[in-house]
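Summary of the model geometry
Residue strings, one per chain:
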Amino acid sequence: MTIDTSAPPPGADQVAAARPDLILGDHGLCPGCGEPVALRLLLEVLQELEIVNRTIGVVGHGCYGSFVQIMDVDVLQCLHGRAPSCATGIKRVRPSAVVFTLQGDGDMVNEGLQEVLHTAARGENVTCVLLNNGVFGDTGGQQTATTVIGQRTKTSLAGRDPATHGYPIPVADLVASLSGVAYVARGAVSTPAAVTRTKKLLRKAFEHQLAGDGFGLVEVLTMCPTGWFVPAADGPDYLTGSMEAAYPLGELPLRSAMGGGV
Amino acid sequence: MTELRLLDGCTAITEAALTAGCRFFAGYPMSPFTGLLEAMSRRMPEENGTCMNAESEIEAVNMVLGAAAAGARAATGSCGQGIALMQEAIAEMALNQTPAVVFNMARNQQDYFQCTRGGGWGDYRTLTLAPKDVPEAVEHTQLLFWLAERYRMPVILYGDPILAQTQVAVRIEPRDHGPLPPRDWVLDGSSGGTGRSRQVWTWAMGKATDPGPGPDRHWRAIAEKFSEVAAAEQRSESYRTEDADTIVVAFGTAALFVAHVVDELRARGLRVGLFRPVTLWPFPSVALAAATRRATRVLVFELNAGQMLDDVRQYVHDRDTVAFIGGVSIHESGLAFGPLLDAGPIRERILSASEGTR
């Protein structure tokens, strides 16, 4: 791999040096991690929609759990997998608050699949944000429910084999198939274009909540070079080649839009 | 004064909870708790409250955790295995300091350990009140919402099938238990963007710009709080114990039956009394030690294999006086008390245990 040592263009340099108002400190996560990019997009959207002072976040357990210390938003740090249930309790007693969850694939799809599906089917007017990197990053790279076929993890050393490990669960597709759901989209943070697009998806999801339309889910595919055992700089390409192939990006067609009843 | 109303226990508890300001309830059916869920489901919408049909006990208690963190007076409930499923979140509420009331409308008295030991992770206990009848359950319900908020912790009402289903004439009116601390911890979203946004977090690490105590200091402070509660909130009732040679220790509905037998045996000239823990945790250790100072026999009657027995042995004046006269006794359905909960068997067991000590 050749390394370009020339100075970045002024615009890119500005973006890299900027610290959004709602980020209070360094994230402390691994080099090449995609989660801080997703956090930044989320917080920028809250700021741009001018809803920061009425937003409550519910954060699950994973590497992104450390964001609780650097995101300048009211936060309930909840139990593993239970964020959608806690968000339900919050939204029902404070309907004018904007309520979101921040969960990883281990949190939402392994430990908390029941919670997110039932919260979606109830049409709770909350926004769930899934940071999906297909691996338990916080514990060092074990297989999750979204690990793609063939992916090597510490608990699937020869690669995920359906005969032994079963198949990954596309949670966004499951949610989109339920009545009560207003918006489901899948973005990524692997390229500048994908980052820009993902921010728009997050913004649309919160706009749906503000309009009272029902449940929203934005899945963001994020790099985890540490958990994938690849060099940090290779993370984006690995994401594009593996996860994006298994989980297509874009807004998902909803059951309600397809005229589906219960 | 409000009128007397004929209500079953679950409906009376529901009305008491509403009077105490409870406006959020979530539950999953499990009998005899089911009656409480149905009553809440009926009444909450009429009082601008919310009652959620949760898809599991785990989701119910986590909904309550969220609602309580957002400032609502919130409650859930279940019994037996359902309470076991909730223990992770009950522990979490104890450690992140969210107040809530858990109604354990139990099938029997085998939930004593589960209620009093803290069934989840961490150094905490759950304050547990065990009413003997429906009027006391009404009082306890109102007190529990106050205690939960006073100490910012989950608290439990330990009921049973008799309490849940018996219709009794009760008066339900608001009670003033005193001032409560400021609710400056409640998440309402308003502090976002100030650099000092709020958080409810078991690890209490705070924000980068506004650090919290962190797990070590936070969990030691929590443990200290539970020590304070252990000393300050012991409640018990001593019935005809002043001159008693034999003191029976019993809680909840079982204590009602024992009180009846105590009166019978007193009429025969036997010096028998009843000591009833009202708070199961904190166990009324000081009062038990005092009440049993002159007793030659301390008999523990509970409908399980001997759970409260551990606490009685720990706090009684003289451990050698303690004998167990309870036991497992379950109705064939598995859903209610068995034949041991009756005056006859209780009387026989007290008499045979106190032979030679009269």
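Residues numbered from 1 in each chain as written. Chains lettered and ligands numbered in written order. Predicted model: local features only at pLDDT ≥ 70, side-chain atom pairs only at ≥ 80, totals over all residues.

Our next topic: the overall build of chain B. When you go through chain B residue by residue, the secondary structure sums to twelve helices and 17 strands. Taking 358 residues into account, the globule formula puts the C-alpha radius of gyration at 21 Å, and chain B, at 21 Å, falls close to it. Its C-alpha atoms give chain B principal-axis dimensions of about 75 × 45 × 40 Å. Across the 358 residues of chain B, 54% fall into the buried class. Taking the contacts inside chain B whose residues are at least 6 apart along the sequence as the reference set, 79% of them involve residues at least 24 apart. (Helix = DSSP H or I, 4+ residues; strand = E, 2+ residues; numbered from the N terminus. Rg over C-alpha atoms; globule rule 2.2 N^0.38 Å. Buried ≥ 20, exposed ≤ 12 C-beta atoms within 10 Å, placed from the backbone. Contact = placed C-beta atoms within 7 Å.)

So, on to the pairing of strand 7 (residues 154-159) of chain B. Residues and elements named next belong to chain B. A large share of strand 7 lies buried, amounting to six of its six residues. Of the two faces of strand 7, the one lined by Pro154, Ile156 and Tyr158 and the one lined by Val155, Leu157 and Gly159 are each fully buried. As paired elements, strand 5 (residues 100-105) and strand 7 share six bridges and run parallel to each other. Its bridge partner lying in strand 7, Val102 is registered against Ile156. The sheet contact formed by strand 6 (residues 127-129) and strand 7 spans three bridges and is parallel. (Pairing = 2+ DSSP bridges.)

Counting 196 residues, the largest nonpolar core has Val64, Val248 and Val258 of chain B as the members making the most contacts within it. Here this core spans two domains, since at least three of its residues come from each of domain 1 (5-170) and domain 2 (236-354) of chain B. Ignoring anything within four residues of it in the chain, the contact list for Val64 of chain B reads Gly89 of chain A together with Phe24, Ala26, Ala74, Ala75, Thr76 and Ala100 of chain B. (Core = buried A, V, L, I, M, F, W, Y, C linked by C-beta atoms within 7 Å. Domains from an automatic or database assignment.)

We now examine the domain arrangement of chain B. Residue and element names in this part refer to chain B. What the domain assignment lists for chain B is domain 1 (5-170) and domain 2 (236-354). For domain 1 and domain 2, the distance between their C-alpha centres works out to 26 Å. Taken together, the contact pairs 24 residues of domain 1 with 21 residues of domain 2. Where the side of domain 1 that touches domain 2 is concerned, the elements lending two or more residues are helix 5 (112-116), strand 6 and helix 7 (161-165).

Moving on: the environment of Val168 of chain B. Residue and element names in this part refer to chain B. Turning to its location among the elements, Val168 is positioned in strand 8 (residues 167-170). Sequence separation of Val168 and Asp133 is 35 residues, and the distance between their C-alpha atoms is 8.9 Å. Among residues more than four places away in sequence, those in contact with Val168 are Leu7, Asp133, Val134 and Pro135.

What follows covers the sheet that holds strand 17 (residues 322-324) of chain B. Within a beta sheet, neighbouring strands are joined by backbone hydrogen bonds and run either parallel or antiparallel to one another. Residue and element names in this part refer to chain B. Taking strand neighbours across the sheet as the criterion, the five strands line up as 12-14-13-16-17 in an open arrangement whose pairing is mixed. Two strands lie at the open edges of the sheet, namely strand 12 (236-239) and strand 17, each paired on one side alone. If you compare each strand with its neighbour and ignore which way they point, the axes differ by 20° on average. Along the sheet, helix 9 (residues 252-267) makes contact with strand 12, strand 13 (246-249) and strand 14 (272-277), crossing strand 14 at roughly 165°. In the packing of helix 12 (residues 343-354) onto the sheet, the strands contacted are strand 13, strand 14, strand 16 (297-300) and strand 17, and the crossing angle to strand 16 comes to about 150°. (Axes fitted to C-alpha atoms, helices over the stretch in contact; angles between N-to-C directions.)

Residue and element names in this part refer to chain B. One can describe the packing of helix 9 onto helix 12 by two numbers: an axis separation of 9 Å at closest approach and a directional angle of 60°. With respect to helix 12, the element helix 9 is oriented oblique. For the crossing formed where helix 9 meets helix 12, the hand is right-handed. Each of Phe257, Val258, His260, Val261, Glu264 and Leu265 in helix 9 lies in contact with helix 12, whose residues at this interface are Ala343, Ile346, Arg347 and Ile350. Looking at the contact of helix 9 with helix 12 residue by residue, the class counts come to seven nonpolar, one polar and two charged. (Parallel < 35°, antiparallel > 145°, perpendicular 65-115°, else oblique. Left-handed = near helix turned anticlockwise from the far one by under 90°. Nonpolar A, V, L, I, M, F, W, Y, C, P; charged D, E, K, R; others polar.)

Contact residues are listed per partner, giving 37 residues for chain B and 34 residues for chain A. Ranked by the residues each element gives to the side of chain B that touches chain A, the list is headed by helix 3 (residues 57-69) of chain B, at eight residues. Of the residues in the side of chain B that touches chain A, the class split is 14 nonpolar, 16 polar and seven charged. Direction of pairing for strand 2 (residues 74-77) of chain A relative to strand 9 (residues 199-200) of chain B: parallel, over a ladder of two bridges. Its bridge partner lying in strand 9 of chain B, Val75 of chain A is registered against Gln199 of chain B.

In this section: helix 8 (residues 192-210) of chain A. Residue and element names in this part refer to chain A. Between its terminal C-alpha atoms helix 8 stretches 27 Å, which fits the 27 Å expected from 19 residues at 1.5 Å a residue. Considered for burial, the residues of helix 8 that qualify are Ala194, Thr198, Lys199, Leu201, Leu202, Ala205, Phe206 and Gln209. Projected down its long axis, helix 8 carries its buried residues within an arc of 160°, all on one side. Exposed residues pointing more than 90 degrees away from the buried face of helix 8 are listed as Pro192, Ala193 and Thr196. (Expected span 1.5 Å × (residues − 1). Arc of directions from axis to C-beta.)

Residues and elements named next belong to chain B. With mixed pairing, the seven strands of this open sheet are ordered in space as 3-2-4-5-7-6-15. Looking along the sheet, the strands with just one partner apiece sit at the ends: strand 3 (50-53) and strand 15 (279-281). When the angles between neighbouring strand axes are averaged without regard to direction, this sheet yields 20°. Direction of pairing for strand 6 relative to strand 15: antiparallel, over a ladder of two bridges. Note that in strand 15 the partner of Thr128 across the bridge is Trp281.

Residue and element names in this part refer to chain A. Within the element layout of this structure, Phe67 appears in the loop between strand 1 (55-59) and strand 2. Along the chain, Phe67 and Ser179 lie 112 residues apart, while their C-alpha atoms are 32 Å from each other. What Phe67 contacts, discounting residues up to four positions off in sequence, is His27, Leu39, Val59 and Leu102.

Residue and element names in this part refer to chain B. A cis amide bond links Ser31 with the next residue in sequence, Pro32, at an omega value of 10°. With respect to the helices and strands, the residue Pro32 is situated in the loop between strand 2 (24-27) and helix 2 (34-43). Here Trp281 and Pro282 are connected by a cis peptide whose omega angle stands at -5°. Looking at the secondary structure, you find Pro282 in the loop between strand 15 and helix 10 (285-291). One non-glycine residue, Gln97, lies in the positive phi region at around 65°. By the element assignment, Gln97 lies in the loop between helix 4 (81-96) and strand 5. Here Arg240, not a glycine, exhibits a phi torsion of approximately 55°, which is positive.

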